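# Fold and contact review
Here is what each chain is made of, one letter per residue.
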Amino acid sequence: MTFPVICRRCTDPKFTTDLTLISAAVQCRIRICNITPGISVIKSVEDHTSDTKNAKIFHKFIGDMFPGAKVLTMYEVKGRVLGLCIVVAVVIFIIIMSGYNRVAKVDPQIKPGLVQWSAGPQKDFQFSGQAIANDISEDIYAIVFDAGSTGSRIHILQFKSKGKGKSLVLVSEKFDHVKPGLSSYGHDPVQGAESLRKMLNLALSVVPSSLQHDTPITLKATAGLRLLPEKNSTEILKSVRHLFREYHFLVPDDAVMIMDGVDEGVLSWMTVNFLLGRLKAGSKTVAALDLGGGSTQITFNPTEQSTFSSVPQDFIKTVQLFKKQHVLYTHSYLGLGLKAARFSILGGPRKVKSAILSSVCLPSGHKGHWKYNGIVFNISGDSSLKSEFALCWAKAEQLVKSFLLNKVDELRKNELYLFSYFYDRAVDAGILAFKTLRSEKPFLAMDLTYIYSLLHDGYQLDPSDSIVLKKKINDVELSWAVGAAFQLLSSTGKAR
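Residues numbered from 1 in each chain as written. Predicted model: local features only at pLDDT ≥ 70, side-chain atom pairs only at ≥ 80, totals over all residues. Heavy atoms only, no water.

### Structural notes on the sheet that holds strand E10 (residues 217–221)
Spatially, five strands are ordered E9-E8-E7-E10-E11 in an open sheet, and the strand pairing comes out mixed. Edge positions in the sheet fall to strand E9 (169–178) and strand E11 (256–258), since each has one partner strand and no second. Neighbour-to-neighbour, the strand axes of this sheet turn through a mean angle of 20°, independent of strand direction. Summarising the sheet, strand E7 (residues 139–147) and strand E8 (residues 152–160) pair through nine bridges and their orientation is antiparallel. Looking at the pairing, Tyr-141 lines up with Gln-158 of E8. Its contacts with the sheet put helix H7 (residues 230–244) on E7, E10 and E11, and the angle it makes with E11 is roughly 155°. (Pairing = 2+ DSSP bridges. Helix = DSSP H or I, 4+ residues; strand = E, 2+ residues; numbered from the N terminus. Axes fitted to C-alpha atoms, helices over the stretch in contact; angles between N-to-C directions. Contact = heavy atoms within 4.5 Å.)

Written as structure tokens, this is what we have:
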């Protein structure tokens, strides 16, 4: 039903719909008469005093046509128009914010996406499915910083998708690293953050400028920052957050954090098995053993009841990954990383920083310097004893057994993949037929002895057991970075 617009400023009276009447009412400063739901009749109030006769005729017409109709005052009109505008503004705001991903909001207890943590003391991991692209863009990038105890590493990962709702495929990785690690900047957090700038600039050159604002970035610190006093580590992370916000990348609220050792182990296991193609239905997964500078992690998929009944309950985690459930044995030993173990074998925890650190594991008569956690120590071989394997092994065994590692017989029945310092020291010793030796030759015998003790005395492996030493699989560095990238893309809405 339509009504003529009566408005002195509208020259041509016309028939129109309700929406047009409302628009005309605003333009011509008129009254809106509520007649019946969904129907409005407009009357001009301009020159009202000189138009009393016409007004009376109009009101009589309205009264005859629609008994009980109420004529609103201009104040009531303004109030209703203002209320309508507020409602429209709120709706528009909600629509905009629901699709706004520039800064991701992540619940610290329940983390959405591929990996979710329960709020209880035991962490159960929930991988909600294969990485499926939410963006229509063909190229999707993720930037992961691994802030380890001995150095910081960047993984710039490029994924391909054929469109929204399609699977993501990892096609390339750009890797770089710097030394020392962030933990060496405990008393200069700003300089620690600055040590990452060169790698951030590398990311700028790799990620197309048109995609940078949608490319999420994260830094996860491991054992090095876990071992620092909380005040120092907090200031370092704060400086890194400030640095990240100088760039155009997508920075989630929890982009910069110290990662739990359990997370490190599970994500490393995921990365290795994903790159090997072992996460597909019917495939047997491999065990992942990671040796960092401050900690070491072991993760594998046990199947024997004797394993479940003999290990601590918090060593068992449930993972739902790519529509398949995995029950994992995983644990992180803080203090058994290569550099932390070296410091312990040298007697570091029992000496003041000005003291000379000595050990039978160093060449007899050797003197030199070694920097650990930002402190330079004087080191020397123990001149009172002849440097030999048996004495050094005893020192390493004493350290390993002090951590009371759980013996898991089933571990030996798995295919064992070892990486990080396991691989690096094998290269240094020429075990992998690489001729170039690194500069830390005075420590090489000590490090190899410790690794032997960790595997034999700690994890109870036999010298005859086969192991696989790897640095890369399909040109991708072995670490927890790929698993963390899937988690990052999921939590920022780029994948699900």
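### Some details on a nonpolar patch on the surface
Residues Leu-82, Ile-86 and Val-90 make up a contiguous nonpolar surface patch of about 280 Å² in total accessible area. If you trace the backbone, Ile-86 turns up in helix H3 (residues 74–98). (Patch = residues over 30% accessible without salt bridge, like charges linked within 9 Å, V, L, I, M, F, W, Y side chains within 5 Å. Areas by Shrake-Rupley, 256 points an atom, 1.4 Å probe, with all protein chains shown as cover. Salt bridge = Lys/Arg side-chain N within 4 Å of Asp/Glu carboxyl O.)

### A short note on the sheet that holds strand E18 (residues 375–381)
Across the sheet, three strands lie side by side as E16-E18-E17; this open sheet has mixed pairing. Lying at the two open borders of the sheet, with one neighbouring strand each, are strand E16 (356–359) and strand E17 (367–372). Strand-to-strand twist of the sheet, defined as the mean angle between neighbouring strand axes without regard to direction, takes the value 35°. Here six bridges tie E17 to E18, and the two strands are oriented antiparallel to one another. By the bridge assignment, Lys-371 is partnered in E18 with Val-376. Running over the sheet, helix H10 (residues 338–345) touches E16, E17 and E18 and is turned about 130° from E17.

### As for the nonpolar core
Counting residues in each nonpolar core, the largest one holds 43 residues, and the members touching the most others are Tyr-329, Tyr-450 and Tyr-459. The biggest single contributor to this core is helix H13 (residues 441–458), with six residues. Once residues within four sequence positions are removed from consideration, Tyr-459 is found in contact with Leu-289, Thr-296, Gln-297, Ile-298, Tyr-333, Leu-405, Leu-411 and Leu-454. Residues Val-319, Ile-473, Leu-478 and Leu-489 belong to the second largest nonpolar core, which totals 33 residues. (Core = buried A, V, L, I, M, F, W, Y, C linked by side-chain atoms within 4.5 Å. Buried < 20%, exposed > 50% of the residue type's maximum accessible area, 1.4 Å probe, protein only.)

### Side note on the state of the cysteines
Enumeration according to the criterion identifies one disulfide in this entry. Disulfide pairing places Cys-361 opposite Cys-392 at an S-S distance of 2.0 Å. Measuring the twist about the S-S bond at about 110°, one finds the Cys-361-Cys-392 disulfide to be right-handed. Taken together, the positions of Cys-361 in the loop between E16 and E17 and Cys-392 in helix H11 (residues 389–402) put the pair 31 residues apart, joining distant regions of the chain. For Cys-392, a relative accessible area of 4% translates into the label buried. (Disulfide = S-S within 2.5 Å.)

### A closer look at the confidence of the model for the protein
Chain-level statistics for the protein give a pLDDT mean of 78 and a share of 71% at 70 or above. Contacts for the low-pLDDT stretch residues 1–52, under 50 throughout, to residues beyond four places or in other chains number 90 contacts. Every residue in residues 98–129 scores below 50 in pLDDT, and together they form 82 contacts with partners more than four places removed in sequence or on other chains. (pLDDT = per-residue confidence, 0-100.)

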